[in-house]
Amino acid sequence: ENREIALALGNLYLQGDMLARARDVAERLVALDPENAAVRLLQGSVCRRYWLTEADDESRNKAIVYFARATRLAPDDHKCWAALVPLLVDADELDQAKLAAALALRHAPAPARPEAMLLVAGTAQRTGDIATADKLFRAAIPRLPARLRDRFEDLAPLLPPWNVERYLGMDAPARERFEERFWLTSDPDPVSVENEARLEFWARVTQATLLYGTSRPGEWDMRAQYYVRFGRPAWAELNPVGRG
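Keep in mind that what you see is a predicted model, and the values were worked out from it rather than measured.

Caption draft 1: Structural context of the pattern of salt bridges. The final tally for this structure, using the stated rule, is 11 salt bridges. Where Lys79 meets Asp77, a salt bridge forms, and the shortest distance between an N and an O atom there is 3.2 Å. Take Lys79: its relative accessible area is 46%, and that puts it in the partly exposed class. Across the salt bridge formed by Arg232 and Asp90, the nearest N and O atoms sit 3.5 Å from each other. One end of the pair, Arg232, is in the segment after helix H13 (222-230); the other, Asp90, is in helix H5 (residues 78-90), and 142 residues separate them in sequence. Look at the salt bridges and you will find they share partners, linking Asp57, Arg60, Asp90, Asp92 and Arg232 into a network.

Caption draft 2: The arrangement of empty space enclosed by the protein in detail. Within the structure shown, the criterion is met by one cavity of 30 Å³ or more. Reported here for the largest cavity is a volume of approximately 70 Å³. Forming the boundary of the largest cavity are Val85, Val89, Leu119, Gly122, Thr123, Arg126, Ala203, Thr206, Gln207 and Leu210. Mapped onto the lining of the largest cavity, the elements with two or more residues apiece are H5, helix H7 (113-126) and helix H12 (196-211). Here the lining of the largest cavity is composed, by residue class, of five nonpolar, four polar and one charged.

Caption draft 3: Seen up close, the nonpolar core. Counting 62 residues, the largest nonpolar core has Leu118, Phe137 and Phe152 as its most contacted members. Sort the elements by how many residues they give to this core and H5 lands first, with eight residues. Excluding residues within four positions of it along the chain, Phe152 makes contact with Leu118, Phe137, Ile141, Leu144, Phe201, Trp202, Val205 and Thr206.

Caption draft 4: Representation of the packing of aromatic side chains in the model. Across all of its chains, the model carries five aromatic pairs by this definition. Between Tyr167 and Phe178, the ring centres sit 5.5 Å apart and the planes meet at 45°, which makes this aromatic pair tilted. Pair noted here: Tyr167 is in helix H10 (residues 161-168) and Phe178 is in helix H11 (residues 172-186), with a separation of 11 residues, a long-range link. Each member of the pair, Tyr167 as well as Phe178, carries the same accessibility label: buried. Their ring planes at 50° and their centres at 5.4 Å tell us that Trp183 and Phe201 sit as a pair that is tilted. Residue Trp183 is located in helix H11, and its partner Phe201 is located in helix H12; the two are separated by 18 residues in the primary sequence.

Criteria and thresholds
- Residues numbered from 1 in each chain as written.
- Predicted model: local features only at pLDDT ≥ 70, side-chain atom pairs only at ≥ 80, totals over all residues.
- Heavy atoms only, no water.
- Salt bridge = Lys/Arg side-chain N within 4 Å of Asp/Glu carboxyl O.
- Buried < 20%, exposed > 50% of the residue type's maximum accessible area, 1.4 Å probe, protein only.
- Helix = DSSP H or I, 4+ residues; strand = E, 2+ residues; numbered from the N terminus.
- 1 Å grid on protein atoms, 1.4 Å probe; cavity = no way out; pocket = protein on both sides within 12 Å on 5 of 7 lines; lining within 4 Å.
- Points joined across faces, edges and corners; volume = space filled by probe spheres on them.
- Nonpolar A, V, L, I, M, F, W, Y, C, P; charged D, E, K, R; others polar.
- Core = buried A, V, L, I, M, F, W, Y, C linked by side-chain atoms within 4.5 Å.
- Contact = heavy atoms within 4.5 Å.
- Phe/Tyr/Trp six-rings, centres within 6.5 Å; stacked < 30°, edge-to-face > 60°.

Written out as structure tokens, the structure is:
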């Protein structure tokens, strides 16, 4: 009956992928305290995980609603706004995603500002504001924690499988030269100041990391790797093996 303990338990269930139990705790807490932003964050996070597990857009849309309610209850909490952004991007609600990202950055404490800047940069890129995206990505990426920064500097998801091992085996100077050549030849508009291909890569890494993260330290989650390589999938099918 202790709501603080129950909330902690619900988040532990969620972290342990015990989704049914996490959902039960969230539903009980919502019934007891529907005006609690942390409870709505848990409720939205459970729906978000169901969406990622089952490829059911209805769960994503519910998560958006619950996260939006959390922002209404705690408008100064950057975590509530940040939770909304990748789901709104996936739903092609780009104007709302851009607004949520701006509010996440406005309310972010100093340690969280680089990640919040990524949100604004990613939505700027998606809405065609290339100059802002380039400026913010370049400001944010060097300030990220090393594990996250490495995602933005790792070209492995873009390379053919037979080149990945050679790329990963390069020393730092050789890798830097390889990456410079790669982006130079990939730039679709050499006349412009920005490299649009690299901005697309950074935007994909931002979205993939927010949705999927990594499977183990130093490794891409397979879904994140495919997202970075190919972009958002046009459709999804859950466990199609064996279907007639």
